Amino acid sequence: MSRFARSPITAVLGPTNTGKTHLAVERMAGHASGMIGFPLRLLAREVYDRVVRMKGSDAEVALITGEEKILPPKARWFLCTAESMPLEREVAFVGLDEAQLGADPERGHVFTDRLLRARGREETMILGSDSLKPMLKALVPEAEVIGRPRFSTLSYAGAKKLSRLPRRSAIVAFSAEEVYAVAEALRRLRGGAAVVMGALSPRTRNAQVAMFQAGEVDYLVATDAIGMGLNMDVHHVAFASLSKFDGRRQRRLAVAEMAQIAGRAGRHQKDGTFGALHEEGPNAFTPEEVLAIEGHRVPPLEKLYWREGEPDFASVEALIASLEARPNSDVLRAAPEAVDLAVLKRLSEEDWVRQRVRAPAMVKRLWAACGLPDFRKLGPEPHSRFVGRLFGHLSEGRGHVPHQWFADEIQRLDNMGGDVETLAGRIAAARSWAYIAHRADWLEDPVHWAERTRAVEEKLSDALHASLTQRFVDKRTTVLLRQIGADASNLPVTIGAEGEVTVEEHALGTLTGFRFTVAPEARAADKRMLLAAAEKRLGGEYRKRGAALAEAEDAAILLTGSVLAWNGVAVAALEPGPNIARPRIRLDRALDVLDPPARTAVQARLERWFADQIGKRLAVLGKLDAAARDPAAGSPLRALANALLEAGGLLPRRAAAMLVEALDPPARQRLRTIGVTIGTLDIFAPALLKPGAARWRRELMGLAEAPRDGATVLPRAAPGADLVHGYRPLGAQAVRVDLVERIARAAHDARQGRKPFAPDPALATSMGLTAETLARLMAQLGFRTARSAEGEPQRWIWQGLVAPPRPKAPPRDNAFAALQALKHG
């Protein structure tokens, strides 16, 4: 094999589509033996198939991943995932692909370890992004760095909606839910899409890609797995979003990640483009990001994650200590605790585990069990229980997984029923058992069980491919779109009296208000038209309905909770505003189909309607709002008006004692004119206690409970029996505040100074107050009991109200504080 560079260690760096992986495969194939570590099982499988074709036989080519192992006795060339590279084997050539993943918090320590330790006898090749260059200079100074230019141009094509994406586009999303949502939209808009995710088995992934490559569908929806070197004939890459959950937090993609994914557009000499689905907002590219991606300028890496690659197996403590050891280089940082280490720590706390790992060999076996990946994404705690059961079998008797346990679990997974998510979950579980089956010393007959798990995974993969195709591909629509050139705007769209929408007599869905909902049966109809086509033709209907709403009669608009409905359809919602009398009215998102002038007209109509309703139903609140904004009203009155608005027009007097004391006679008179009563215990507006006004008040304040309409006295346990609803709790009963004030006035009218007196019991009796309730009320009103002769009515002595403490006043806009004052005043 001719020498490629001056140094036996070379680093081939550059953006995507530079032929780095192809070069490494060619170099490996020219040696007597070799090994390449890849970031993905799918990529390792793809290159394995290529090398088998190159060599003409699989007798000397091995594939080693966590859950798939093809290892001929005389294997010379090994295609592996980075985690599964058999470093103990001596080979002439070693390659590491996507080495910049050493900066990944979750798997970075694996790539860093291979970067530092994986060496070929004759040649070592490190492949990666230009961002890796400073790390190589610090960690592998003997490496010769060779740059590779991109074969084709990558340019930004701007933001395009799904309905306008060019053919041969890949749409990238960052969760299974988002992938499925985009694929479903493309089914409606473009007839379907292939789906590629890292969690798919190679068989399912290859079947989906083959469908795309053969032109059966023109669109591919994928996770960022396509950024790791998977080769497909993609002309344009569109980002559904620009943020992802990295296992710890939701974050924006780094420029290097954007460039890696965008670079999948274009192949060899064909130019490619990239863009987003959103022109503005957090999921739109910034000009700086676009320039960096087009210019293949990625920020240099400053750190790589590291963890000891050859840990100490002398004891569990020594193993954990070595795995948590700090790196000795300034450019390395200790890797965050991975799942395998978290599982090890949990199991090491179990007494039965510690009793079985007293020898280094058993410590090593425990660590091997902890290395079982969490394919099902259960999290450390449930996954550690599974690993614990596995290790329990590996550490007793002959150290093998019981045949029956393994067989039962495989049999349970051998079920092809269910939807896409169910089948994908079974494949994830099957990967765990495939991993176990490919450990030669974990089963008595590993070859048999490896074949059995492979067969089940292949059946599940075929079922998943069929399910994905059935769910996300409508071949009839695909053919139809090609026939009409993706312009269905001239097709006849009919809207029935009940809002049913049809195209050429085929039901598409229902138009309710301003929201078009696709009918479930429409998706299976043989001649179903596109949702986009229907929406395009619905523009005139939307304009007509918008004009009708802008001119709607008052009776056609209703408030339920915080929702404004027009003819029974939600069109807006109330949100917190300056105060309860002036909330903000936010139009429902369904009204986004209207043009700006129409939306403005609807907004104005709803605001006018609400203001009219306040004037009719809650006039007191409207007047309080006017007083709160009147500079001539004086500070005490404005402050008290604001406090009452925050509390919905009802406030314990103790909560506003300082404000009440500060009111001058004109301010008190204005309050009376507004309709506010300054009672002995409460400040309230009697008009707000009437059933109709009380219902509106509850709606505006978001109060779930409601007292019985017209009730004056309620059992304490009854719904709404508290101050926020206008009832003062008094022992086992709650009395409406206006009646409390009537009793207070009657008591003061009956007393003569501070002499003992007996109030007329008829008033309290007519209201339904018990003797205990009346006694509690009199005490709150400032009276104490006086001695009475036996058989005589209870007499009382006026002693005066106890002055309330002077707490720090809450901020005037603190609605929560006002509500708390109502509940506890």
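This structure is a prediction, so every number in the text was calculated from the model and none was measured.

Caption draft 1: The arrangement of the overall build of the chain in detail. Scanning the chain from N- to C-terminus turns up 29 helices and 34 strands. Structurally, the chain occupies a C-alpha span of about 115 × 75 × 50 Å along its principal axes. A total of 825 residues make up the chain; the buried ones form 52% of that total. The long-range share in the chain, meaning contacts at least 24 apart out of those at least 6 apart in sequence, stands at 67%. For the chain, the accessible area works out to roughly 37900 Å², and carbon and sulfur atoms hold 51% of it. One way to put it: in the chain the 115 positive side-chain charges average out to a point 4 Å from where the 99 negative ones average out.

Caption draft 2: Molecular detail of the nonpolar core. Residues Leu162, Ile171, Leu344, Leu366, Phe406 and Ile436 are the most contacted members of the largest nonpolar core, which totals 68 residues. Considering every element that reaches this core, the biggest residue donor is helix 15 (residues 420–437), with 9 residues. When neighbours within four sequence positions are excluded, phenylalanine 406 is seen to be in contact with Val401, Trp433, Ile436, Ala437, Leu443, Trp449 and Thr453. The next biggest cluster of nonpolar side chains, apart from the first, holds 62 residues, and it includes Leu624, Leu645, Ala647 and Ile683.

Caption draft 3: The sheet that holds strand 30 (residues 713–715), seen in detail. Read from one edge to the other, the open sheet built from 3 strands follows the order 30-32-31, with strand pairing classed as antiparallel. Two strands close off the open sheet at either side, each with one partner strand: strand 30 and strand 31 (727–730). Averaged over all pairs of adjacent strands, the angle between their axes in this sheet comes to 25°, without regard to strand direction. The sheet contact formed by strand 30 and strand 32 (residues 733–736) spans 3 bridges and is antiparallel. Among the inter-strand pairings, valine 713 is bridged to a residue of strand 32, identified as valine 735. Packed on one face of the sheet, helix 26 (residues 737–750) meets strand 31 and strand 32 and runs near 85° to strand 32. Across the sheet, helix 28 (residues 771–780) touches strand 31 and strand 32, and the angle it forms with strand 31 is around 105°.

Caption draft 4: View of the environment of phenylalanine 391. With respect to the helices and strands, the residue phenylalanine 391 is situated in helix 13 (residues 380–394). Accessibility expressed as a relative area gives 0% for phenylalanine 391, which makes it buried. As a C-alpha pair, phenylalanine 391 and glutamate 177 span 214 residues in sequence and 34 Å in three-dimensional space. Excluding anything up to four places from it in sequence, phenylalanine 391 contacts Trp352, Val353, Val357, Met362, Arg365, Leu366 and Ala369.

Caption draft 5: Just the confidence of the model for the chain, in detail. Within the chain, residue pLDDT values average 86, and 90% of them lie at 70 or more. Within the model, the stretch residues 523–530 combines pLDDT values under 50 with 26 contacts to residues more than four positions away or in other chains. Between residues 812–825, whose pLDDT stays under 50, and residues either more than four places distant or in other chains, the model counts 24 contacts.

Caption draft 6: Structural context of the sheet that holds strand 12 (residues 219–222). The 6 strands are arranged 9-16-13-10-12-11 in an open sheet whose pairing can be described as parallel. At either end of the open sheet lies a strand with only one pairing partner, and these are strand 9 (154–159) and strand 11 (194–196). The average angle at which neighbouring strand axes cross in this sheet is 25°, direction not considered. By the bridge criterion, 3 bridges tie strand 11 to strand 12 in an arrangement that is parallel. Its bridge partner lying in strand 12, alanine 194 is registered against leucine 220. Most of the contacts of helix 6 (residues 202–213) go to strand 11, to which it runs at about 140°, and overall it touches strand 10 (169–172), strand 11 and strand 12. Those strands touched by helix 8 (residues 287–294) are strand 9 and strand 16 (272–276), and its axis lies near 155° from that of strand 9.

Caption draft 7: Inspection of the side chain of threonine 223 at higher detail. Locating threonine 223 in the fold gives a position in the loop between strand 12 and strand 13 (236–239). Among all residues touching threonine 223, those that are not within four sequence positions of it are Val172, Ala173, Val179, Val196, Met197 and Gly198.

Caption draft 8: Examining the pairing of strand 26 (residues 582–587) more closely. Relative to strand 26, strand 25 (residues 569–579) runs antiparallel, the two being bridged by 5 bridges. Considered in strand 26, the bridge of glutamate 575 is made with arginine 584. Counting the residues between successive antiparallel strands, the hairpin from strand 25 to strand 26 contains 2 residues.

What counts and how
- Residues numbered from 1 in each chain as written.
- Predicted model: local features only at pLDDT ≥ 70, side-chain atom pairs only at ≥ 80, totals over all residues.
- Heavy atoms only, no water.
- Helix = DSSP H or I, 4+ residues; strand = E, 2+ residues; numbered from the N terminus.
- Buried < 20%, exposed > 50% of the residue type's maximum accessible area, 1.4 Å probe, protein only.
- Contact = heavy atoms within 4.5 Å.
- Areas by Shrake-Rupley, 256 points an atom, 1.4 Å probe, with all protein chains shown as cover.
- Lys, Arg positive; Asp, Glu negative; His and termini not counted.
- Charge placed at Lys NZ, Arg CZ, Asp CG, Glu CD.
- Core = buried A, V, L, I, M, F, W, Y, C linked by side-chain atoms within 4.5 Å.
- Pairing = 2+ DSSP bridges.
- Axes fitted to C-alpha atoms, helices over the stretch in contact; angles between N-to-C directions.
- pLDDT = per-residue confidence, 0-100.

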